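Take a look at the letters that make up each chain.
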Amino acid sequence: EACYWYGNKWLTGYDESWEQQKRYEYDPDKAKELLKEAGYPNGVTLVMLSQKVSDPMLVLQQNMAEVGITLEWLLADEVQYNILKTEANSLQWDILSYGISTHKGTMGGLFKGLGDINTYAFGQMCGAHDQELHDCCMNALYDQTPDNMTAAHEMLLDKVYYTPIYRGYTFIATHPKIEAAVVQLDIECCGAASLFEDDYDVYYEG
């Protein structure tokens, strides 16, 4: 079994109880049955568009292989990726590896990015062609109660437009002499500003 959820405890509006919810069971036999029902008794090959192959993607590839799905990569540089990610109808890829920023460090900003029907209309991959999801995510953005946050979180997972394969920020490095990162009044983390211990010695005179 596996639990998947969006966000992390550093985001305003995050609910740690989401981590305890059982979302999916790992059942290769059941997956094979569903694949057969979908018309692919002998399996199928899917192409994932990405700029690199990450460890979670390799695990995904192995899990899919167990049920008869061959996952191949379409690797592109940044320019090619930004063009191809808006051309799903070209049928060059089936799955997109995509990272979305959490605007101003809030869950509401993350939900907006994943469910905004307006960005989808402009060909961007952050957003979905789903008015119900859009309304739910906008409600969570502008009225950030725990109930509204959970409703958006649940609807995103139930509709399975996006499956989270990792959580947390990937752009902040740590050092034992850094006491704390600096966060602005709008809750956005300043990656280049930190509080250091007195004997932090990476600087030199010269």
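Everything numeric in this text was worked out from a predicted model, so none of it was measured.

Draft legend 1. Fine view of the environment of L157. Along the chain, the position of L157 falls in helix α7 (residues 146–159). Residue classification places L157 among the buried positions, given a relative accessible area of 2%. For the pair L157 and Y4, spaced 153 residues apart in the sequence, the C-alpha separation amounts to 8.2 Å. Ignoring sequence-local partners within four residues, the contact set of L157 consists of Y4, Y6, R23, Y24 and P164.

Draft legend 2. Local environment of the pattern of salt bridges. Summed over all chains, the structure comprises three salt bridges. Residue D130 is joined to K159 by a salt bridge in which the shortest nitrogen-to-oxygen separation is 3.1 Å. You can see D130 sitting in the loop between α5 (117–121) and α6 (131–142) and its partner K159 sitting in helix α7, a full 29 residues away along the chain. The partly exposed category is assigned to K159, whose relative accessible area is 28%. A salt bridge links E132 to K159; the shortest N-O distance between them is 3.2 Å. Of this pair, E132 sits in helix α6 while K159 is found in helix α7, placing the two residues 27 residues apart along the sequence. Overlapping salt bridges bring together D130, E132 and K159 as one network.

Draft legend 3. The sheet that holds strand β1 (residues 44–50), seen in detail. Pairing in this open sheet of three strands is parallel, and the strands run β2-β1-β3 from one edge to the other. Unpaired on one side and paired on the other, β2 (69–75) and β3 (95–96) mark the two borders of the sheet. Bridging between β1 and β3 involves two bridges; their strand directions are parallel. Across the sheet, L49 pairs through a bridge with L96, a residue of β3.

Draft legend 4. The pairing of β2, seen in detail. Direction of pairing for β1 relative to β2: parallel, over a ladder of seven bridges. Looking at β2, one finds that L49 is bridged to L74. Each parallel crossover has a hand, and the one from β1 via helix α2 (residues 55–65) to β2 is right-handed.

Draft legend 5. View of the nonpolar core. Residues Y6, W18, M107, L110, F111, C137 and L156 are the most contacted members of the largest nonpolar core, which totals 22 residues. Elements with a contribution of two residues or more to this core: α4 (107–115), α6 and α7. If one sorts the elements of this core by residue count, α6 sits on top with six residues. In this structure, F111 is in contact with W18, C137, A140, M149, A152, H153 and L156, ignoring residues within four places of it in sequence. The next biggest cluster of nonpolar side chains, apart from the first, holds nine residues, and it includes V44, M57, V67 and I69.

What counts, and where the lines are drawn
Residues numbered from 1 in each chain as written. Predicted model: local features only at pLDDT ≥ 70, side-chain atom pairs only at ≥ 80, totals over all residues. Heavy atoms only, no water. Helix = DSSP H or I, 4+ residues; strand = E, 2+ residues; numbered from the N terminus. Buried < 20%, exposed > 50% of the residue type's maximum accessible area, 1.4 Å probe, protein only. Contact = heavy atoms within 4.5 Å. Salt bridge = Lys/Arg side-chain N within 4 Å of Asp/Glu carboxyl O. Pairing = 2+ DSSP bridges. Right-handed = clockwise from strand over helix to strand, strands pointing away. Core = buried A, V, L, I, M, F, W, Y, C linked by side-chain atoms within 4.5 Å.

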